[in-house]
Amino acid sequence: DFLGRYALVSQKLKEYTSEVIGRSTAGATTRDAFFGPSAFVDLIHLMQLELTGARISMASPLSFDQQIDEGDLRIRDMYRLYRFENFLYTVNMTGGEIDRHLEHAAGQWFTTMTDGDSYMLNYRLDDSGAPVMVNGTARLRNPSYNFESAMGIIYTVDVSKPQGARVNITSLSDGTPFSHSTNYTVAVNSYRANGGGGHFPAAGITGKELESRIITTTERDLRHYMTEWIRGKGTISPAPLSEWKIIPEEWAAKAEKRERKLLFGSD
């Protein structure tokens, strides 16, 4: 029968995905990524920066609700950490383009708050203005893989401001002033670098101009390099390390407590 024919293949696949590649000293969940820096996304940022040597990394939570646990890390965990078959690109962007890229992400991600009781995340709304609920949880207007954040720069996202006027980048992480006219090397996945999600077009980079900005590309998918990166480290310690925050902080903290339950049905 069918199952019998592929039993050996199934066994080999289970053996492969069960292979231990390293150990994590802490767990990490994508749930945190909706409300600020998260250990889950920042682990991707760290890998991208080390693998490329770029000054800035762009990444997003590729799964809506996923986690890796403390303890042994296996090949199958890498499919939770990095869901898609993207390649890793290094591209050249001006500071102004980076700003517009992040503004586009913030527009996908957040709504405009008027006070601490307003909704912060950008939900699909019903006729009464309340989030659309399916099976007891709220539905976002846009996919989370478009909620791009950056590591390597210090910035704020002001959710009291209208779309297009929320991001304020103050400096690079080493304290170097950030300039809209300066060119920076940016690590980003192939989906984004090829225009996926509209971030690069929103920054003003399209078509052949986009192609001309690509400095390096990996020969294999990003998950392969992440697997080898963890294997080389042996032990990793996921933590929220990127230097950005949502402001006003009081409003964001109040909204997070309320909206975690809306999104996930629990804290």
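In what follows, the structure referred to is the one given above.
Everything in this summary refers to the structure shown in the same document. (Residues numbered from 1 in each chain as written. Predicted model: local features only at pLDDT ≥ 70, side-chain atom pairs only at ≥ 80, totals over all residues. Heavy atoms only, no water.)

Topic: the pairing of strand E10 (residues 153–158)
Next up, step 1: A large share of E10 lies buried, amounting to five of its six residues.
Next up, step 2: Sheet analysis places E10 next to strand E11 (residues 167–172), joined by five bridges and oriented antiparallel. Paired with Val157 across the bridge in E11 is Val167.
Next up, step 3: Relative to strand E15 (residues 243–247), E10 is paired through five bridges, and the arrangement is parallel. From the neighbouring strand, Val157 faces E15, where its bridge partner is Ile246. (Buried < 20%, exposed > 50% of the residue type's maximum accessible area, 1.4 Å probe, protein only. Helix = DSSP H or I, 4+ residues; strand = E, 2+ residues; numbered from the N terminus. Pairing = 2+ DSSP bridges.)

What about the nonpolar core?
Next up, step 1: Judged by nonpolar contacts, the single largest core of 42 residues is most densely connected at Ile98 and Ile153.
Next up, step 2: Those elements that provide at least two residues to this core are strand E3 (56–59), strand E6 (88–94), helix H5 (95–109), E10, E11, strand E12 (183–189), E15 and helix H10 (249–264).
Next up, step 3: Element by element, the count of residues in this core is highest for H10, at five residues.
Next up, step 4: Look past the residues within four positions of Ile98 in its chain and what remains in contact with it is Ile56, Met58, Met93, Ile153, Ile169, Phe178, Tyr184 and Val186.
Next up, step 5: Counting residues in each nonpolar core, the second largest holds 25 residues, with Ala33, Tyr82, Ala187 and Trp229 among its members. (Core = buried A, V, L, I, M, F, W, Y, C linked by side-chain atoms within 4.5 Å. Contact = heavy atoms within 4.5 Å.)

Here we look at unusual backbone geometry
Next up, step 1: Here the residue pair Ile247 and Pro248 is connected by a cis peptide bond, since its omega of -5° sits within 30 degrees of zero.
Next up, step 2: With respect to the helices and strands, Pro248 occurs in the loop between E15 and H10.
Next up, step 3: Positive phi outside glycine occurs at Asn135, with the angle close to 55°.
Next up, step 4: In this fold, Asn135 is placed in the loop between strand E7 (133–134) and strand E8 (137–138).

Re the environment of Trp251
Next up, step 1: Looking at the element boundaries, Trp251 is found in helix H10.
Next up, step 2: When the C-alpha atoms of Trp251 and Phe87 are compared, they prove to be 37 Å apart, with 164 residues separating the residues in sequence.

Details of the pattern of salt bridges
Next up, step 1: Tallied over the full model, the rule gives 17 salt bridges.
Next up, step 2: For the salt bridge of Glu19 with Arg231, the shortest nitrogen-to-oxygen distance reads 2.7 Å. Placement of the pair is Glu19 in the loop between helix H2 (7–17) and strand E1 (20–24) and Arg231 in helix H9 (residues 222–233), with a sequence separation of 212 residues.
Next up, step 3: A salt bridge links Glu259 to Arg258; the shortest N-O distance between them is 3.9 Å. (Salt bridge = Lys/Arg side-chain N within 4 Å of Asp/Glu carboxyl O.)

Comments concerning a nonpolar patch on the surface
Next up, step 1: Residues Phe2, Leu3 and Tyr6 make up a contiguous nonpolar surface patch of about 380 Å² in total accessible area.
Next up, step 2: Positionally, Tyr6 belongs in the loop between helix H1 (2–5) and H2. (Patch = residues over 30% accessible without salt bridge, like charges linked within 9 Å, V, L, I, M, F, W, Y side chains within 5 Å. Areas by Shrake-Rupley, 256 points an atom, 1.4 Å probe, with all protein chains shown as cover.)

A short note on H10
Next up, step 1: The end-to-end C-alpha distance of H10, which contains 16 residues, comes to 22 Å, matching closely the 22 Å that a straight helix rising 1.5 Å per residue would cover.
Next up, step 2: Along H10, the sharpest kink reaches roughly 30°, centred on Arg258.
Next up, step 3: Among the residues making up H10, those that are buried are Ala252, Ala255, Glu259, Arg260, Leu262, Leu263 and Phe264.
Next up, step 4: Contacts from the buried residues of H10 go to E7, E8 and E15.
Next up, step 5: Looking one or two residues past H10, Gly265 carries a phi angle of roughly 80°, positive in sign. (Expected span 1.5 Å × (residues − 1). Bend = angle between axes of the 7 residues up to and from the residue.)

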